[in-house]
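# Analysis of the macromolecular model
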Amino acid sequence: MASPNDLIDQEPFFTARRKVFPKAVHGPFRRLKWVIMAATLAVYYITPWLRWDRGPYAPDQAALVDIAHRRFYLFSIEIWPNEFYYVAGMLIMAGIGLFLVTSAVGRAWCGYACPQTVWTDLFVHVERLIDGDRNAQFRLLKAPWGPGKVARRIAKHGIWLIIAAMTGGAWIFYFADAPTLARQLASGTAPFVAYATIGVLTFTTYTLGGLMREQVCIYMCPWPRIQAALMDEQSLAVTYKAWRGEPRSRGLKRTHDLAELAADPAARVGDCIDCNACVAACPTGIDIREGPQIGCITCGLCIDACDEMMAKVDRPLRLIGYSSAADEKAAREGRTPTPPLKRLLRPRTIAYSLVWGGIGLGMLFVLGNRARLDLSVAQGRNPGWVRLSDGAIRNSYTVKIRNMETRPRDFTIAIGALPQAVLWSDAGNRDAAGRSIVVHVAPDQVAAVQLFVAAPVAGPEQARIDFRLTARDAEGGQVVRTSRFDRPDEQGDDE
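Residues numbered from 1 in each chain as written. Predicted model: local features only at pLDDT ≥ 70, side-chain atom pairs only at ≥ 80, totals over all residues. Heavy atoms only, no water.

## Looking at the overall build of the chain
Along the backbone of the chain there are 18 helices and 14 strands. Rg of the C-alpha trace for the chain: 34 Å, well past the compact-globule value of 23 Å for 495 residues, more than 25% over. Dimensions of the chain, computed from the C-alpha atoms along their principal axes, are close to 115 × 60 × 55 Å. For the chain, the proportion of its 495 residues judged to be buried stands at 43%. Residue pairs at least 24 apart in sequence account for 70% of intrachain contacts in the chain once pairs closer than 6 positions are excluded. Counting 58 positive and 48 negative side-chain charges, the chain places the centres of these two groups 6 Å from one another. (Helix = DSSP H or I, 4+ residues; strand = E, 2+ residues; numbered from the N terminus. Rg over C-alpha atoms; globule rule 2.2 N^0.38 Å. Buried < 20%, exposed > 50% of the residue type's maximum accessible area, 1.4 Å probe, protein only. Contact = heavy atoms within 4.5 Å. Lys, Arg positive; Asp, Glu negative; His and termini not counted. Charge placed at Lys NZ, Arg CZ, Asp CG, Glu CD.)

## Quick look at the packing of aromatic side chains
For any pair of aromatic rings, the description rests on two quantities: the centre-to-centre distance and the angle between the ring planes. Evaluated as defined, the whole model comprises 17 aromatic pairs. Aromatic side chains Y44 and W119 sit 5.3 Å apart centroid to centroid with 90° between the ring planes, which places their arrangement in the edge-to-face category. Of this pair, Y44 sits in helix α2 (residues 28-46) while W119 is found in helix α5 (residues 115-131), placing the two residues 75 residues apart along the sequence. Take W119: its relative accessible area is 11%, and that puts it in the buried class. When the ring of F99 is compared with that of Y352, the centres are 6.0 Å apart and the planes differ by 50°; the resulting orientation is tilted. On the criterion of sequence distance, the pair formed by F99 in helix α3 (residues 84-105) and Y352 in helix α18 (residues 347-369) is long-range, its members being 253 residues apart. Overall, F99 belongs to the partly exposed group, its relative accessible area being 30%. Ring pairs connect the aromatic residues Y44, Y45, W119, W171, Y174 and F175, which therefore count as one cluster. (Phe/Tyr/Trp six-rings, centres within 6.5 Å; stacked < 30°, edge-to-face > 60°.)

## Things to note about the sheet that holds strand β3 (residues 77-79)
Pairing is antiparallel across the open sheet formed by three strands, whose spatial order is β1-β2-β3. What marks the edges here is a single partner per strand, and that holds for β1 (63-66) and β3. For this sheet, the mean inter-axis angle between neighbouring strands, taken without regard to orientation, is 10°. Pairing geometry for β1 and strand β2 (residues 71-74), over four bridges, is antiparallel. Bridging from a neighbouring strand, A63 pairs with L74 of β2. (Pairing = 2+ DSSP bridges. Axes fitted to C-alpha atoms, helices over the stretch in contact; angles between N-to-C directions.)

## So, the pairing of β2
Side chains of β2 alternate between two faces, with R71 and Y73 buried and F72 and L74 left unburied. Turn length for the β1-β2 hairpin, with the two strands adjacent in sequence and antiparallel, is four residues, and the turn residue R70 shows positive phi of about 55°. One ladder, built from three bridges, connects β2 with β3; its direction is antiparallel. Of the residues in β3, the one forming a bridge with L74 is I77. Hairpin connection from β2 to β3: two residues lie between these consecutive antiparallel strands, with F75 at a positive phi of about 55°.

## Some thoughts on the sheet that holds strand β9 (residues 409-416)
Taking strand neighbours across the sheet as the criterion, the four strands line up as β11-β9-β13-β14 in an open arrangement whose pairing is antiparallel. Only two strands of the sheet have a single neighbouring strand rather than two, namely β11 (436-441) and β14 (478-486). If you compare each strand with its neighbour and ignore which way they point, the axes differ by 25° on average.

## Overview of α5
Taking 1.5 Å of rise per residue, the 17 residues of α5 would be expected to cover 24 Å, and the 24 Å separating its terminal C-alpha atoms lies within 8% of that figure. Of all 17 residues that make up α5, 15 are buried, and the element is covered over most of its length. G132 occupies a position one or two residues after α5 and carries a positive phi of about 95°. (Expected span 1.5 Å × (residues − 1).)

## Describing a nonpolar patch on the surface
A contiguous nonpolar surface patch, about 410 Å² in accessible area, is contributed by I46, L50, W52, L74 and F75. Turning to its location among the elements, L50 is positioned in the loop between α2 and β1. (Patch = residues over 30% accessible without salt bridge, like charges linked within 9 Å, V, L, I, M, F, W, Y side chains within 5 Å. Areas by Shrake-Rupley, 256 points an atom, 1.4 Å probe, with all protein chains shown as cover. Salt bridge = Lys/Arg side-chain N within 4 Å of Asp/Glu carboxyl O.)

## With respect to the pairing of β11
Where burial is concerned, the two faces of β11 differ: the one with I437, V439 and V441 is buried and the one with S436, V438 and H440 is not. Looking at chain direction, β9 and β11 are connected through six bridges and run antiparallel. When the bridges of β11 are listed, I413 appears paired with I437.

## Focus: the packing of α2 against helix α15 (residues 301-312)
Axes are the key here: two packed helices are described by the angle between their axes and the distance separating the axes. Between α2 and α15, whose axes approach to 7 Å, the crossing angle comes to 145°. Contact residues: P28, F29, R30 and K33 in α2; L301, I303 and D304 in α15.

By themselves these figures say nothing about function.
Next comes the structure, spelled out in structure tokens:
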């Protein structure tokens with residue numbers, strides 16, 4: 001009997017990577033991948049250059065993450081740091097949307113729109129353009145080093161590095177005015193952090209998309225491990241119809257004669273001719289005929305490859321296709337598959353859709369009704385209160401007014417719920433004090449004002465009292481904050 005150590009010696013834990021060179025295929029899924037690749041790359045590279053007029057006081061870049069001024073702009077939407085919950089809401093919606101897509105059509109995100117998939121697909125096409133298709137790439141890999149092989153390697157990796165650098169360069173344009181930063185990069189006057197970011201993203205894009213490729217999807221990405229909890233028997237996935245394809249003919253021989261099959265059931269041969277076209281087309285190098293696997297990103301390229309072979313040998317298409325476990329079971333038993341609409345409208349997908357839509361509608365409602373001003377009040381603590389010459393008590397407050405519009409505005413700050421109290425700013429004096437003051441705030445800025453509030457002295461039962469400060473603009477928008485007014489515990493006490 002073999003010992004566990006013998007088994008360990010026979011089965012190494014780690015094996016060398018087997019290079020994957022996917023074969024070029026043609027078909028509807030390949031065309032769909034072309035369209036999605038073109039759309040996603042266009043959005044990524046073009047978006048920072050789009051302009052959006054927000055008036056003379058705000059940047060005109062349509063999508064901008066302005067870290068210096070702590071703003072996020074997306075067309076007509078402007079997000080301030082205190083409104084970060086909008087970003088959190090969008091991230092939650094993205095996560096729930098991914099749950100919804102996965103429960104309905106499996107790893108469609110992975111197969112078509114994931115950045116790793118898009119850039120890897122782009123790098124694979126560059127490699128195929130320079131080195132040739134799958135068989136030519138294998139021959140070149142095994143060929144000895146010579147001028148031709150060196151030239152091809154330099155050309156391929158050079159183009160990969162250019163694409164990676166353009167990827168990093170496009171990313172930093174989201175964080176500064178794109179035309180200005182482009183001129184600075186060209187002249188060598190851009191901030192060091194811009195060059196460092198481009199360098200880091202160039203390295204990661206080149207490494208992940210060009211060198212590691214399928215290893216990122218199989219070993220590094222956590223999503224394949226999570227998706228199983230989001231899928232059920234009605235979820236679509238790329239599936240090999242073993243009930244139709246097995247046993248494989250390993251060639252073009254096929255038995256159609258029913259009498260011969262009745263006499264010898266073993267004479268039955270499936271539709272699969274074991275050509276391995278599906279394996280050759282797979283960008284992760286798996287064999288879809290072995291069943292569900294963590295390496296399958298459901299890109300559909302094996303469907304195109306198999307359909308092409310089935311058409312050549314005059315056999316029905318979609319031996320490999322998008323199907324659910326329930327539909328596969330129904331097909332094997334001769335029953336009618338579940339209608340597509342019924343498959344989509346099931347409790348899991350309906351629940352995800354309702355949550356996703358509810359969050360989106362809630363954010364739109366809050367976004368459309370949000371006040372474009374904010375007020376914060378911080379009470380001065382050293383000293384907490386001061387007795388003035390006429391016996392009144394004065395407290396100080398640091399008030400910050402946030403003008404969240406791209407135009408200058410005047411705000412009236414009024415005091416309430418504190419009888420006989422008056423206020424003035426550090427720019428004025430008590431002689432001009434009243435129940436309100438006017439503060440001018442520049443567009444898209446925060447104005448900090450030192451306010452003084454004075455009120456008559458009171459007894460112990462009124463040593464501390466809450467009051468209101470209200471900021472109101474000319475259009476009727478307002479915000480109210482509550483603060484505290486401190487007075488001595490007993491009449492006659494001084495501080």
